Amino acid sequence: MKKIIILGAGPTGLGAAWRLRELGYKNWAIYEKNGYVGGLAASFVDNKGFTWDVGGHVLFSHYEYFDNLVFKLLNNEYLEHLRESWIRIFNTWVPYPFQNNIRYLPKEAIYECISGLLNVNGNSKHSDNFHEWIMNTFGSGIVKYFMEPYNSKVWAYPLHEMSKDWIAERVSVVDIQRVLKNVIFELDDISWGPNNKFIFPLHGGTGEIFRRFVPYIKDCLYLNKEVVGIDMKRKTVMFADGEKESYDCLINTMPLDVFIKKAGRVPETVREQISSLKHSNGLIVGLGFRKKIDNSKCWMYFPENDNPFYRVTNFSNYSFNNVPYGDTEQFYSLMSETSCSDYKRADKDNIIEETIQGLINSGMIKEKDRELIISEYVMDVEYSYPIPTLQRDNALKTIQPYLESENIFSRGRFGGWKYEAGNMDHSTMQGVEVVNKILLNKDETVYTL
Ligand SMILES: Cc1cc2nc3c(=O)[nH]c(=O)nc-3n(C[C@H](O)[C@H](O)[C@H](O)COP(=O)(O)OP(=O)(O)OC[C@H]3O[C@@H](n4cnc5c(N)ncnc54)[C@H](O)[C@@H]3O)c2cc1C
């Protein structure tokens with residue numbers, strides 16, 4: 001029976017571990033550098049009693065297997081919400097998606113958006129990059145007011161150097177008849193209809209889902225085990241504590257570029273491809289307030305430049321247990337996400353003050369609310385978004401087949417480096433499916449090159 005080793009206990013590694021256990025496989029182990037599981041989907045409680053995710057995590061449901069697993073793990077301990085998302089622009093709130101609700105904009109901007117749409121050349125299929133694609137799909141007005149500023153803030157990367165092939169279901173496209181109807185008849189066209197629900201753990205934040213894998217896999221789980229090297233010739237993993245472990249088959253979920261750097265004996269033609277794998281960094285700021293929240297919004301997008309963040313989540317609306325004593329009569333919490341990179345610098349030392357000022361500038365809080373802030377929590381996330389650059393797919397098509405020829409399967413948000421398959425459901429399923437591939441010879445459907 002071959003020995004299977006999993007590196008990293010985030011959603012991907014846990015999905016693989018779950019499937020190995022489910023199949024009754026005996027010879028495997030999972031190693032995690034942190035003292036906890038969950039990776040980017042972990043949650044933390046600060047010293048004032050506020051719970052924080054690593055940025056706003058919302059469970060999107062694409063797979064029955066994943067849904068059943070989450071329901072089993074949470075065992076009815078979850079809350080259900082409508083996905084109520086908004087865009088802050090021109091000092092007003094526009095329901096998401098932007099293009100269907102431009103009636104909230106000033107008249108000149110509505111005109112620019114419609115006139116841009118009328119001039120769209122219908123050529124989105126033939127666009128060469130993401131910037132061209134948004135121009136050819138939404139027209140110059142919508143791009144000017146929302147698509148370009150918002151996406152530049154999220155990706156912290158030049159949009160014309162990004163591919164458009166990842167977009168498929170991520171960006172809702174546009175229907176000019178519907179846009180006109182909504183403007184003329186003053187209709188709200190919102191994304192949170194009856195089927196737009198999401199669930200959130202009752203307590204413990206998003207990370208609770210992944211914590212609940214532990215009792216099932218604890219005999220094979222090793223925490224505080226940082227991988228420092230991989231000897232592909234001897235099929236051995238080296239850890240920071242000096243220990244070694246041999247494998248027949250490796251499932252990697254740490255960032256692919258980091259893995260390649262730690263692995264000896266990788267051909268130069270493969271190694272050089274990692275320069276095409278780009279990522280953004282994330283600065284997550286959690287602010288806990290001694291005050292009751294006064295709205296039901298879930299998360300909000302911020303395209304404008306009077307604040308550093310691209311998104312803010314009303315995190316206390318996800319569960320009352322995200323605030324101290326579960327007391328939402330007295331407390332609420334906001335969690336903001338700011339991206340940075342070599343192309344877009346962020347002032348890490350000042351991010352809390354910039355965030356607070358940005359919340360004031362964008363009308364989220366008032367100047368006098370400063371004194372109600374009783375908790376400030378910052379997370380500096382080195383790997384936040386895997387960027388779909390123009391070169392990414394070719395790089396992956398060189399790296400992944402080589403690794404697989406060495407019995408190494410690299411999967412997950414940064415292990416697989418595909419943003420479009422990089423959410424929690426995709427990642428968990430990538431772990432499940434890669435085990436099916438290794439043991440049952442089944443084709444993968446979530447991670448494909
Ligand atoms: C800001 C932000 C917002 C997000 N929002 C959503 C959302 O709304 N909905 C959604 O579904 N998903 C969301 N995600 C994505 C979600 O977090 C990922 O899908 C998921 O965490 C990826 O799981 P993974 O196991 O592939 O990677 P990770 O979670 O990164 O796990 C990898 C694991 O490998 C470990 N590791 C790394 N290096 C080593 C080493 N040398 N030795 C041992 N272990 C190592 C890490 O510690 C980590 O635990 C968001 C992510 C971010 C950053």
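That block above? That's the structure.
Residues numbered from 1 in each chain as written. Predicted model: local features only at pLDDT ≥ 70, side-chain atom pairs only at ≥ 80, totals over all residues.

Looking now at the packing of helix α3 (residues 107-118) against helix α4 (residues 130-155). Viewed as axis vectors pointing N to C, α3 and α4 meet at an angle of 140 degrees, and their least axial separation amounts to 5 Å. As summarised for this structure, α3 and α4 are arranged oblique, according to the angle between their axes. Residues A109, E112, C113, S115, G116 and L117 of α3 form the contact with α4, whose participating residues are G139, S140, G141, I142, K144 and Y145. Per-class residue counts for the contact of α3 with α4 are 5 nonpolar, 5 polar and 2 charged. (Axes fitted to C-alpha atoms, helices over the stretch in contact; angles between N-to-C directions. Helix = DSSP H or I, 4+ residues; strand = E, 2+ residues; numbered from the N terminus. Parallel < 35°, antiparallel > 145°, perpendicular 65-115°, else oblique. Contact = placed C-beta atoms within 7 Å. Nonpolar A, V, L, I, M, F, W, Y, C, P; charged D, E, K, R; others polar.)

For the rest of this paragraph, the subject is the sheet that holds strand β1 (residues 4-7). Read across the open sheet, the 5 strands follow the order β9-β2-β1-β13-β19; overall the sheet is parallel. Looking at strand neighbours, the two that pair on one side only are β9 (221-222) and β19 (408-410), the edges of this open sheet. One ladder, built from 4 bridges, connects β1 with strand β13 (residues 249-252); its direction is parallel. Bridging from a neighbouring strand, I6 pairs with I251 of β13. Those strands touched by helix α1 (residues 11-22) are β1, β2 (28-31) and β13, and its axis lies near 155 degrees from that of β1. (Pairing = 2+ DSSP bridges.)

What follows covers the sheet that holds strand β14 (residues 279-289). Sheet strands pair via backbone hydrogen bonds, and the direction of the pair is either parallel or antiparallel. Taken in spatial order, the 7 strands of this open sheet run β7-β6-β15-β16-β17-β14-β18, and their pairing is mixed. Whereas interior strands pair on both sides, the edge strands pair on one side only; in this sheet they are β7 (92-95) and β18 (373-386). Neighbouring strand axes in the sheet, compared pairwise and without regard to direction, differ in orientation by 25 degrees on average. Relative to strand β15 (residues 299-301), strand β6 (residues 85-89) is paired through 3 bridges, and the arrangement is parallel. By the bridge assignment, W86 is partnered in β15 with M300. Along the sheet, α4 makes contact with β6, β14, β15, β17 (332-340) and β18, crossing β17 at roughly 85 degrees. Across the face of the sheet, helix α10 (residues 351-361) comes into contact with β14, β17 and β18 while running at roughly 70 degrees to β14.

Turning next to the site of the ligand. The environment of the ligand is formed by 38 residues, the closest being G8, G10, G39, G55 and G412. Of all elements in the fold, only α1, β18 and α12 (424-440) reach the threshold of two or more residues within the shell around the ligand. Tallied by class, the residues present in the shell around the ligand amount to 15 nonpolar, 17 polar and 6 charged. (Near = placed C-beta within 6 Å.)

Quick look at the pairing of β2 now. Pairing of β1 with β2 involves 4 bridges; the strand directions are parallel. Paired with I5 across the strands is A29, a residue of β2. A crossover links β1 with its parallel partner β2, the connecting element being α1, and its sense is right-handed. As judged from the 2 bridges shared by β2 and β9, these two strands associate in the parallel manner. Bridge pairing in β9 places I30 opposite L221. (Right-handed = clockwise from strand over helix to strand, strands pointing away.)

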